Amino acid sequence: MMRKVFEILENDARLTAEQVATMAGVTEAEVKKVVAEAEKERIIVKYKTMINWEKVGDDRVWAMIEVKMQPQKDVGFDALAERIYRFPQVRTVYLVSGTYDLAVFIVGKTMQEVGLFVSQKLAPLEGVQGTVTHFLLKRYKEDGEVLHPGGDDRRLPLII
Amino acid sequence: MRKCTTGRLDKVPPSGIRKFFDLIAGMEGVISMGVGEPDFSTPWNITEAAIRSLEKGFTMYTSNAGMPELRKELAKYLKRTYGLEYDPNTELLITNGVSEGLDLAVRAILDPGEEVIMPDPGYVAYPAAVLLADGVPVQVPTHCENGFRLSGNDVRDAVTSRTKAILIGYPANPTGAVMEMDKLAEIADVAKKRQLLVISDEIYSLLVYDMQPACFASLPGMRDHTILLGGFSKAFAMTGWRIGYAAARPEIIAGMTKIHQYTALSSPTMGQVAALEALRSGEPEAQKMIDEYDRRRRVIVKGLNDIGLSCFEPKGAFYAFPSIKSTGMTSEEFAENLLMEEKVAVVHGTAFGKCGEGHVRCCYATSMPNIEEALTRMARFVQRHRSV
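Notes on the structure in this doc start here. Note that the structure is a prediction, hence the values are computed from the model and not measured. (Residues numbered from 1 in each chain as written. Chains lettered and ligands numbered in written order. Predicted model: local features only at pLDDT ≥ 70, side-chain atom pairs only at ≥ 80, totals over all residues. Heavy atoms only, no water.)

## Examining the overall build of chain B
Looking only at helices and strands, one finds 13 helices and 12 strands in chain B. In terms of overall dimensions, chain B is globule-like: its C-alpha atoms have a radius of gyration of 21 Å, near the 21 Å expected for 388 residues. If one aligns the C-alpha atoms of chain B with their principal axes, the spans along those axes are about 60 × 55 × 55 Å. The buried share of chain B, taken over its 388 residues, is 57%. Excluding contacts between residues fewer than 6 apart, the proportion of contacts in chain B whose partners are at least 24 apart in sequence is 77%. Accessible surface for chain B amounts to roughly 15900 Å². Of this, 53% is attributable to carbon and sulfur atoms. Side-chain charges in chain B split into 43 positive and 47 negative, and the spacing between the mean points of these groups amounts to 2 Å. (Helix = DSSP H or I, 4+ residues; strand = E, 2+ residues; numbered from the N terminus. Rg over C-alpha atoms; globule rule 2.2 N^0.38 Å. Buried < 20%, exposed > 50% of the residue type's maximum accessible area, 1.4 Å probe, protein only. Contact = heavy atoms within 4.5 Å. Areas by Shrake-Rupley, 256 points an atom, 1.4 Å probe, with all protein chains shown as cover. Lys, Arg positive; Asp, Glu negative; His and termini not counted. Charge placed at Lys NZ, Arg CZ, Asp CG, Glu CD.)

## Observations regarding the sheet that holds strand E3 (residues 102-108) of chain A
All names here are of chain A. The antiparallel open sheet is built from four strands, whose spatial order is E2-E3-E1-E4. In this open sheet, the two edge strands, each paired with only one partner strand, are strand E2 (90-95) and strand E4 (128-135). For this sheet the average axis-to-axis angle between neighbouring strands, irrespective of direction, equals 20 degrees. (Pairing = 2+ DSSP bridges. Axes fitted to C-alpha atoms, helices over the stretch in contact; angles between N-to-C directions.)

## What about the side chain of Arg377(B)?
All names here are of chain B. Residue placement: Arg377 occurs in helix H13 (residues 368-385). Among the polar contacts made by the side chain of Arg377, one reaches the side chain of Glu373 at a distance of 2.9 Å. Those residues in contact with Arg377 that lie beyond four places of it in its chain are Gly29, Ile31, Glu342, Lys343 and Val344. (Polar contact = N/O pair within 3.5 Å; in protein donor to acceptor, adjacent residues only side chain to side chain.)

## Here's the deal with the packing of aromatic side chains
All names here are of chain B. Tallying each qualifying case throughout the model produces 13 aromatic pairs over all chains. Seen from their ring centres, Tyr293 and Phe318 are 5.3 Å apart, and the 65 degrees between their planes marks the pair as edge-to-face. Residue Tyr293 is found in helix H11 (residues 283-306), and its partner Phe318 is found in the loop between H11 and strand E9 (319-320); the two are separated by 25 residues along the sequence. Assigned by exposure class, Tyr293 and Phe318 land together as buried. (Phe/Tyr/Trp six-rings, centres within 6.5 Å; stacked < 30°, edge-to-face > 60°.)

## Quick look at the interface of chain B and chain A
In this assembly, 28 residues from chain B lie in contact with 15 residues from chain A. Among the residues of chain B in contact with chain A, Phe21(B), Arg295(B) and Arg298(B) are the three that bury the most area, contributing 28% of the side total. Where chain B touches chain A, the interface holds eight residue pairs in polar contact (both at pLDDT 80 or more). Mapped by element, the contributors of at least two residues to the side of chain B that touches chain A are helix H2 (18-24), H11 and H13 of chain B. At five residues, the largest contribution of residues to the side of chain B that touches chain A is made by H11(B). (Buried area = accessible area lost by both parts, 1.4 Å probe.)

## Here we look at H11(B)
Taking 1.5 Å per residue, 24 residues should reach 34 Å; H11(B) reaches 34 Å between its end C-alpha atoms and fits that length. Backbone geometry just downstream of H11(B) places Gly308(B) in the positive-phi region, at approximately 95 degrees. (Expected span 1.5 Å × (residues − 1).)

## Side note on the sheet that holds strand E11 (residues 347-348) of chain B
Residues and elements named next belong to chain B. The sheet built from three strands is open, its strands ordered E9-E12-E11 with antiparallel pairing. Two strands close off the open sheet at either side, each with one partner strand: E9 and E11. Sheet analysis places E9 next to strand E12 (residues 360-363), joined by two bridges and oriented antiparallel. Opposite Ala320, over in E12, you have Cys362 as the bridge partner.

## Looking at the pairing of strand E7 (residues 226-231) of chain B
All names here are of chain B. The element E7 is extensively covered by neighbouring structure, given that six of its six residues are classed as buried. Residues Thr226, Leu228 and Gly230 of E7 are buried on one face, and the alternating residues Ile227, Leu229 and Gly231, pointing to the opposite face, are buried as well. Relative to E7, strand E6 (residues 197-201) runs parallel, the two sharing four bridges. Bridge pairing in E7 places Asp201 opposite Leu229. Bridge count for E7 against strand E8 (residues 244-247) is four bridges, and the pairing is antiparallel. Counterpart to Gly230 in the pairing with E8 is Tyr245.

Quick look at the structure:
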């Protein structure tokens, strides 16, 4: 039941408890209870809106930075990761397997600003062994949503 | 001038929705709940597999019965889903959708004048296919109070010395009705006692909610007396690919294959490749679509009941079949007036048989915002026309 409620809300957070209840086939009270508990436990972390900023004419610069790090005794990568994710420019941080360790997504007003952040804040951190910066050129799909969908309903209007 | 078409065609009534097609043409802003197919595109892994096969040049005929790999994979699917074992070499046939499968089935088993029992309301192709095979459709009424299930007693009463088969299709188009295993067993009982074949159209079998898919052929003793028709169109959103299948004992499949080889030769090769991919990797995506239909189903059923169009809970397919009796209109008047006044397209119940009177079919394979807007428009319409 919880899973059903979360799946519905993950796709549309604006639905009322009554609407969610109808879709999940449970009572409104049950939905409210599940949601309240999930908010408290931070299972539901936040309610947000996905905005296609490109369409608003936003020209901020996004970059994905590969960060190679030296793991530290006892804390591994966690302490250094925290030092990185506390910067407000840093929007997303993942620990990943492969040729580097952290995937860090940052946003800035200009390429220069992003470049300065990497060279002055990120790269000099103790434990950071190297960085590779990839500027984002185009967003095709984000969090499961295609940003420039093509295609309307191509079905015939009536079929029996 | 001398009549150039066969009299057999005259027995088949024209499509009940032709008029509505003409009305809709050119109309802007219509929300259609009149379609009978998914609003999702085919899952990409399936489409991509077909594209790759085209690039590699898989554009030739396949064997008449269908690609051997597909039949093998289908046998595995039927085994894991229903515990049924079919020999992929002699007991499975790949068809151009269930539509062709149905046509082949009735042509393979009927002699002129033999009767086929089927539910009313029911899918429009059922009586038509039987008539075109020179058979006689015998429509047995089903009722909302009984969840539009076909009753074993009613079927028993409809059997005559000329009855050859019972044709069922659950989950059902247009009602969304399902038949649970114990209800299907009643039909099986009649079939056994009267030595009838059962043609079971299970195109919607995976689209069931709060229950497990039920397969008629898996009932004790029924495997060899059932022609199981299934396909990929609905659950895998593959309507345009035209791939279905028939599963039955060798003698029947051989007969159906004989007709298929002379009329269709084989089913589309790219569609078969796509179907193979659907069986190998498509089930998780299918399940996501089924979960979404389930959410929409709950919204539309509650919405229809709230606006005064009482709607029994459909447990399968993607149709709601509400009663429109509170408006005092016939189902055809309701459908036409709703389209003209509020631009919502539904299909009148009588398009599916006379027992569909008093109901309309609303397909909820459309987006949640569309469903909500349609319900708002229908509420306005019902308010205006509520009979005292």
